[in-house]
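These are the residues of each chain, in order.
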Amino acid sequence: MVTIDPERFRETFERYSEIGRTENDGLHRLALSEEDREVRDLFVSDLEDLGLDVRIDGIGNTFGRAEGTDPDAEPVLIASHLDSQPYGGRFDGQLGVLSALETLRAFDDEGVEHRRPIEIVNWTNEEGSRFKPALMGSGAFTGELDLEEVLGHADADGVTVAEALDEIGYRGDEPVGPREEYHSSLELHVEQGPKLEEEGLSVGIVEGVFGMAWLEVTVHGDADHAGPSPMYSRKDALVAAADVVTAVRRLSNRFADDVVTTVGELEVEPNSINVIPSEARFTVDVRSYDDAVVAELVEAVEREVATACEREGVEYDLEEIWRIPHTEFSPTVAETALSAADAVDASHRAMVSGAGHDASYVNEITDTAMLFVPSVDGKTHNEVEFTEWADAVEGARVYAETVRRLADA
Ligand code: HGY
Ligand code: MN
Ligand code: MN
Ligand code: MN
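Residues numbered from 1 in each chain as written. Chains lettered and ligands numbered in written order. Predicted model: local features only at pLDDT ≥ 70, side-chain atom pairs only at ≥ 80, totals over all residues. Heavy atoms only, no water.

### Describing the environment of Leu 52
Filter applied, for reference: Only DSSP runs of H or I reaching four residues or more are called helices, and only runs of E reaching two or more are called strands; each is numbered from the N terminus. Working definition: with a 1.4 Å probe on protein chains only, accessible area under 20% of the residue-type maximum means buried, over 50% means exposed, and in between means partly exposed. What makes two residues a contact is simply this: any of their non-hydrogen atoms within 4.5 Å.
Looking at the secondary structure, you find Leu 52 in the loop between helix 2 (34-49) and strand 1 (53-56). Here Leu 52 falls in the buried class, since its relative accessible area comes to 11%. Considering only alpha carbons, one finds Leu 52 and Pro 270, 218 residues apart in sequence, at a separation of 52 Å. If we skip the residues at most four places from it in the chain, Leu 52 touches Leu 47, Gly 64, Arg 65, Ala 66, Leu 104 and Ile 120.

Take a look at the structure:
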C-alpha cells in the first residue's frame, strides 16, 4: 500500500491555493492568466524537484514523466487541471492534480518500482470560462478539438488563446498529441454534487459523464429612448432574451429526469437605464446522460429563440459553440479503482458525473476512469467549495493505490 503524507499533501495544497486565492478563500485563476502562469511555474518546479522529465506542448498542456522499469511499456496518464472558474473553488481541478503529485512523491519516498512509465499532466483551460469551449487542452491533445481553431478563440477582450499562451510563456514546443499509446488514465476530482456526503461515503468510482452542449445567442434589437418610444413599436433585445432564459429553465422539466439547463452569461448593450436594449448576448448550457435528449434540448432552445424573437420583432444569431457526447469510462480501470478502494477500506459507490471533465476526452485515446471525493453541501463553482481534508487524504490513498496497480498491470 502506498503511504500518502497527509501533512505534505495539505501543505502543498495550501501553497497552490495561495495563487489566485480570493478574500473569501476561493480561487480566481482563469485559464492563461497571470495567476495561471504562476501556478504553472510552481507545478513545473515541483515536477523538476521530483526528477521528472518535463515537457510543454503547443497549447500549454504540461507533462511530467516518471520512467518505469520497462521503458517500452505503455504509460499511465494521471491528470486534471489547475485553472479555475471566476471566483470559483480551490478544490475543482487542483485537488486532482495535487493528488497525482502526492502519489508520485509517495512513490519516490518509498522507492515504489512500477513497470509502466507514469505521466502527470496539468491540462490547459479545462473550465472553458475565459476561452470557450471547456476541456480545451485535453480536447486538442486527443484530437477531439481542432488545435488551430481553438488557438484562435478569443476572450471577451479579443485576446486569443495563442496570444495568451505566448503572454504567459506556455506555448510549448512539443507537438500537441500523444507520442505513443497509453495503457490507461485516472483523474481524481471533487464530486461537485451532494451524493457522497449524503450517503456518508468516502469515494465515488465514476463510470460516466453527461453529454452536454453550449449555445451562444445574440439578439439584435433597436436602441431607443425609454421615455417617448411607444411600447407597440419597441424592438427590445432584452425582453426577447428574457423570454428565452425562462423558457430554458422550463425545458429542464422535459425530455428526461436528469436534464439540466443553465443560462450562465448575459450581456446587454448599451446597458443604460434609459435606453431600450439594442443587443442581448447570452449563453445556454444543456446536459443529459442521453445524447438524443441533448439533441432534442438544442432543437427546443432554437425554437424558443425563434419564437421569442418573432414575438418582439427582433433578429438574432445563434451558434452552437460546443457539444460533447456522454462518456462511458473503462470498466477495467473502474474495476481497478474499486479493488483499490476495498484494499484501502474506503467506503465507495459507483456514480455518473454531471460536470464535464478532461477524462472524457482522454477516454477517447485510452482506458480511463475517475475517482470522486465528497463536496461539502455539494457546492462548487463557488468560493465556498470545500472538501474535508480527511476525505481528500482518503481519496488520495485510493488514487495512489489505483495508480500503483495500473502502473504494474
Ligand atoms: O462545465 C463543466 O462541467 C466543467 O466544470 N468545465
Ligand atoms: Mn474541474
Ligand atoms: Mn469546473
Ligand atoms: Mn437624453
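### Comments concerning the UniProt feature "domain: Peptidase M20 dimerisation" (unreviewed entry) in the protein chain
Counted only if it meets this: UniProt positions are given in the numbering used here, feature names are shortened, and annotations may be inferred rather than shown by experiment.
Look at the UniProt record and you will see "domain: Peptidase M20 dimerisation" (unreviewed entry) annotated at residues 208-310. The span residues 208-310 is 34% helix and 28% strand, and its two end C-alpha atoms sit 39 Å from each other.

### Some thoughts on the site of ligand 1
Put simply, the rule is: By convention in these notes, a residue is near a molecule or strand provided one of its non-hydrogen atoms lies within 4 Å of it. Counted as a polar contact is a pair of N or O atoms within 3.5 Å, where, for protein atoms, one must be capable of donating a hydrogen and the other of accepting one, and residues adjacent in sequence contribute only when both atoms are in side chains. For accessible areas, the Shrake-Rupley method is used with a probe of radius 1.4 Å. Any residue's cover is judged against the shown protein chains and nothing else.
Around ligand 1, the structure places Glu 126, Glu 127, Ala 134, Arg 287, Ala 355, Gly 356 and His 381. At 3.2 Å, a side-chain N or O of Glu 126 approaches a nitrogen atom of ligand 1. Arg 287 places a side-chain nitrogen or oxygen 2.8 Å from an oxygen atom of ligand 1. Compared with its free state, where it exposes 210 Å², ligand 1 has 93% of that area covered by protein.

### Some remarks on the pattern of salt bridges
Note the cut-off: Between Lys or Arg on one side and Asp or Glu on the other, a salt bridge is scored when a side-chain nitrogen of the former is within 4 Å of a carboxyl oxygen of the latter.
Inspection of the entire model under this criterion finds 31 salt bridges. Taking the shortest distance from any N to any O, the salt bridge between Arg 130 and Asp 155 comes out at 2.9 Å. One end of the pair, Arg 130, is in the loop between strand 4 (118-123) and helix 4 (136-141); the other, Asp 155, is in the loop between helix 5 (147-151) and helix 6 (161-168), with 25 residues separating them in the sequence. Shared partners join several salt bridges into a network, and the residues in it are Arg 55, Arg 65, Glu 67, Glu 119, Arg 179 and Glu 180.

### Focus on the pairing of strand 1
Two faces make up the sheet, and in a regular strand the side chains alternate between them. Where we set the bar: Two strands are counted as paired when DSSP detects at least two bridges linking them.
Across four bridges, the pairing between strand 1 and strand 2 (residues 62-66) is antiparallel. Counterpart to Asp 53 in the pairing with strand 2 is Arg 65. Once strand 1 ends, the chain turns through five residues before running back antiparallel as strand 2, passing Gly 60 with a positive phi of about 85°.

### Looking at the domain arrangement of the protein chain
Here is the rule: Reported domain spans reflect what an automatic or database domain assignment gives. Buried area: the accessible area, evaluated with a 1.4 Å probe, that two parts lose upon being put together, summed over both parts.
In terms of domains, the protein chain is made up of domain 1 (6-209 + 326-408) and domain 2 (211-324). Summarising the inter-unit geometry, the C-alpha centres of domain 1 and domain 2 are found 33 Å apart. Counting residues at the interface gives 19 residues for domain 1, matched by 11 residues for domain 2. At the boundary of domain 1 with domain 2, total buried surface from both sides reaches about 1,100 Å², with 63% on carbon and sulfur atoms.

### Section: the nonpolar core
Rules: To form a nonpolar core, buried Ala, Val, Leu, Ile, Met, Phe, Trp, Tyr and Cys residues must be joined to one another through side-chain atoms within 4.5 Å.
Phe 9, Ile 78, Leu 95, Ile 120, Trp 322 and Leu 371 are the most contacted members of the largest nonpolar core, which has 86 residues in total. Ranked by the residues each element gives to this core, the list is headed by helix 12 (residues 389-407), at 10 residues. With 25 residues, the next largest nonpolar core counts Ala 213, Leu 215, Val 217 and Val 286 among its residues.

### A closer look at a negative patch on the surface
Just so we agree on the cut-off: Patch construction takes residues with relative accessible area above 30% that form no salt bridge. Like charges are linked within 9 Å, and nonpolar side chains (Val, Leu, Ile, Met, Phe, Trp, Tyr) are linked within 5 Å. For the purpose of counting charges, residues Lys and Arg are taken to be positive, whereas Asp and Glu are taken to be negative. His and the chain ends are not included. Where a charge sits is defined by one atom per residue type, namely NZ (Lys), CZ (Arg), CG (Asp) or CD (Glu).
A cluster of acidic residues, Asp 146, Glu 148, Glu 149 and Glu 319, forms a negative patch on the protein surface. Judged by its relative accessible area of 47%, Glu 319 is partly exposed.

### Quick word on helix 1 (residues 6-17)
Keep this limit in mind: The span expected for a helix works out to 1.5 Å for each residue beyond the first.
Compared with an ideal rise of 1.5 Å per residue, which puts 12 residues at 16 Å, helix 1 spans 16 Å between its outermost C-alpha atoms and is within 8% of the ideal. Considered for burial, the residues of helix 1 that qualify are Arg 8, Phe 9, Thr 12, Phe 13, Tyr 16 and Ser 17. Each element contacted by the buried residues of helix 1 is listed here: helix 2, helix 3 (94-110) and helix 12. Its side-chain oxygen 3.1 Å from the backbone nitrogen of Glu 7, Asp 5 forms the N-cap of helix 1.

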